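Listed here are the chains, written in short residue letters.
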Amino acid sequence: MADKENWALAITVFLTSLLVGQADMFTEATVGKLFVYELQREGYQREFEPFHKVYDRDFNDPLVFKCNKERFPDLPRWLRFTQRDPYSNGFLYGTPLPEDQGRNIIQIFVSNRRSYDDVIKERLVINVVHAGRQHPYQAEFFLELRNIENVLPLDARDEIIKDTKTLWDTEVLEFVNITSALDRGGRVPLPLPGYFEGVYVKLGSDKSFSECMLKTVTPEHERQCAAGGKMPGECKICFNPINCITWCKTVLFDLSKPIPPARVPTVGSGILEWGGEFNPPDSPPERDFFPDYIITIIIPFIIAVILCLILAYVMCCRREGVVKRNTTTPDVQLYHHHTIQGNFNELRRMAGRDRSTMDRPRQCLQPLIMSEQTMAGR
């Protein structure tokens, strides 16, 4: 009985390890060469509950990818991730350096924006290996009419290599790196058709640069770029207009020449040389601050006093007075003004008492009518 339990436990462990091993995806990256891994939405779409089981039709679920290094909050420094929107594929891309050799375990989380409760977790194992020999001639081009997610697919990269082979006049050409212009301080484009972020592509080859490419290191090229010049006609080779490079942002890297070692600093004795006795500077000459005091304090104070006197004269000495105002005001208007307060108090008394026990209100306009008749009789 104990043997059967041990065999069952062993089989369970084996099957579990087999399933875990099948969940991991393995790929390889080379030092100094571009690595691109595309996360296909169609492959992960099958992992979620099929929508046609309920509604008898397929449904294009929006999927969001999130990637990070295992046991770390972000990706390795040489690896980047991009996904334009939940209805587009995701891309892991980057160029590893010699110090990045080894295994990189990337965790991939897939979230379904339709249900918000289904999350798939997978592991991508990237083995970074050492390159035997790097391309000695490398060039960086700027594609102004491209976005980063439009350059990473294999078909787009083949188009760029096809155009660049004609410009470079070589058959061996490989991608070294791809960088978005936003990662180099570029401005975010407007979300409108015809606006792009721009992409820098770096290619390498074993063959030296062509004559058209060597024009970018001449003084004449710098003068043309300063004057707003464009790429010469004989060098403007691009079968697809969106793959045309920006001539003034092309940079060539010649790695075939040995790089001179950095100059070793000279080690001194550690004792400062005698520079003579220290002579402190003389005190500055004395300065009379009374004119500055008059300009900044006395004059603004005098102006403020004058303005206060003018305001006091206008407010106190230029008033009409109550007697003069009553003399120029008609008697009817004065009587009406004086009776407003009494009428207001009478209305308040009426509102606070029972109307059945309240005296009949006086006719407010009766005296006014009588005064008008008296004035008319005069």
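In short, a report on the structure. (Residues numbered from 1 in each chain as written. Predicted model: local features only at pLDDT ≥ 70, side-chain atom pairs only at ≥ 80, totals over all residues. Heavy atoms only, no water.)

**With respect to the overall build of the protein**
Link 1 in the chain: If you tally the helices and strands in the protein, you get 11 helices and 11 strands.
Link 2 in the chain: Counting the 378 residues in the protein, one finds 29% classified as buried.
Link 3 in the chain: Nonlocal contacts in the protein, meaning residues at least 24 apart in sequence, comprise 71% of its contacts between residues at least 6 apart.
Link 4 in the chain: Here the protein has roughly 27,800 Å² of accessible surface; of this, 57% comes from carbon and sulfur atoms. (Helix = DSSP H or I, 4+ residues; strand = E, 2+ residues; numbered from the N terminus. Buried < 20%, exposed > 50% of the residue type's maximum accessible area, 1.4 Å probe, protein only. Contact = heavy atoms within 4.5 Å. Areas by Shrake-Rupley, 256 points an atom, 1.4 Å probe, with all protein chains shown as cover.)

**Describing helix α10 (residues 331-352)**
Link 1 in the chain: Spanning 22 residues, α10 covers 33 Å between terminal C-alpha atoms, matching the ideal 32 Å at 1.5 Å per step.
Link 2 in the chain: A maximum bend of about 30° is found in α10 at isoleucine 340. (Expected span 1.5 Å × (residues − 1). Bend = angle between axes of the 7 residues up to and from the residue.)

**Here we look at the nonpolar core**
Link 1 in the chain: Counting 27 residues, the largest nonpolar core has Phe141, Trp168, Phe175, Ile178, Val201 and Met213 as its most contacted members.
Link 2 in the chain: If you list the elements that add at least two residues to this core, you get β5 (90-94), β8 (137-143), α4 (148-151), α5 (154-168), β9 (174-180), β10 (199-205) and α6 (211-214).
Link 3 in the chain: Leave out the neighbours within four places in its chain, and phenylalanine 175 touches Lys33, Leu34, Arg157, Ile160, Ile161, Val201, Lys202 and Leu203. (Core = buried A, V, L, I, M, F, W, Y, C linked by side-chain atoms within 4.5 Å.)

**Some thoughts on the sheet that holds strand β11 (residues 251-254)**
Link 1 in the chain: Taken together, the 4 strands give an open sheet; going across it, the order is β9-β10-β8-β11, and neighbouring strands pair in antiparallel fashion. Edge positions in the open sheet fall to β9 and β11, since each of these has one partner strand only. On average, adjacent strands in this sheet sit at an angle of 15° to one another, irrespective of strand direction.
Link 2 in the chain: Relative to β10, β9 is paired through 6 bridges, and the arrangement is antiparallel. Following the sheet pairing, isoleucine 178 is matched in β10 by valine 201. (Pairing = 2+ DSSP bridges. Axes fitted to C-alpha atoms, helices over the stretch in contact; angles between N-to-C directions.)

**A few points about the packing of aromatic side chains**
Link 1 in the chain: All chains considered together, the criterion is met by 5 aromatic pairs.
Link 2 in the chain: Seen from their ring centres, phenylalanine 35 and tryptophan 78 are 6.0 Å apart, and the 70° between their planes marks the pair as edge-to-face. Here phenylalanine 35, found in strand β2 (residues 35-39), pairs with tryptophan 78, found in the loop between β3 (63-69) and β4 (79-82); they are 43 residues apart in sequence, far enough to count as distant.
Link 3 in the chain: The buried category is assigned to phenylalanine 35, whose relative accessible area is 5%.
Link 4 in the chain: Judged by centre distance (4.7 Å) and plane angle (45°), the ring pair of phenylalanine 142 and tyrosine 200 falls under tilted. Taken as a pair, phenylalanine 142 in strand β8 and tyrosine 200 in strand β10 lie far apart in primary sequence, 58 residues in all. (Phe/Tyr/Trp six-rings, centres within 6.5 Å; stacked < 30°, edge-to-face > 60°.)

**Points about the pattern of salt bridges**
Link 1 in the chain: The final tally for this structure, using the stated rule, is 12 salt bridges.
Link 2 in the chain: Between glutamate 149 and arginine 84 there is a salt bridge, with its nearest N and O atoms 2.5 Å apart. Residue glutamate 149 is found in helix α4, and its partner arginine 84 is found in the loop between β4 and β5; the two are separated by 65 residues along the sequence.
Link 3 in the chain: A salt bridge links arginine 84 to glutamate 197; its shortest N-O distance comes to 3.4 Å. Here arginine 84, found in the loop between β4 and β5, pairs with glutamate 197, found in the loop between β9 and β10; they are 113 residues apart in sequence, far enough to count as distant.
Link 4 in the chain: Note on glutamate 197: relative accessible area 10%, which makes it buried.
Link 5 in the chain: A single salt-bridge network, built from bridges that share partners, covers Asp24, Glu70 and Arg123. (Salt bridge = Lys/Arg side-chain N within 4 Å of Asp/Glu carboxyl O.)

In short, shape yes, function no, at least from these values alone.
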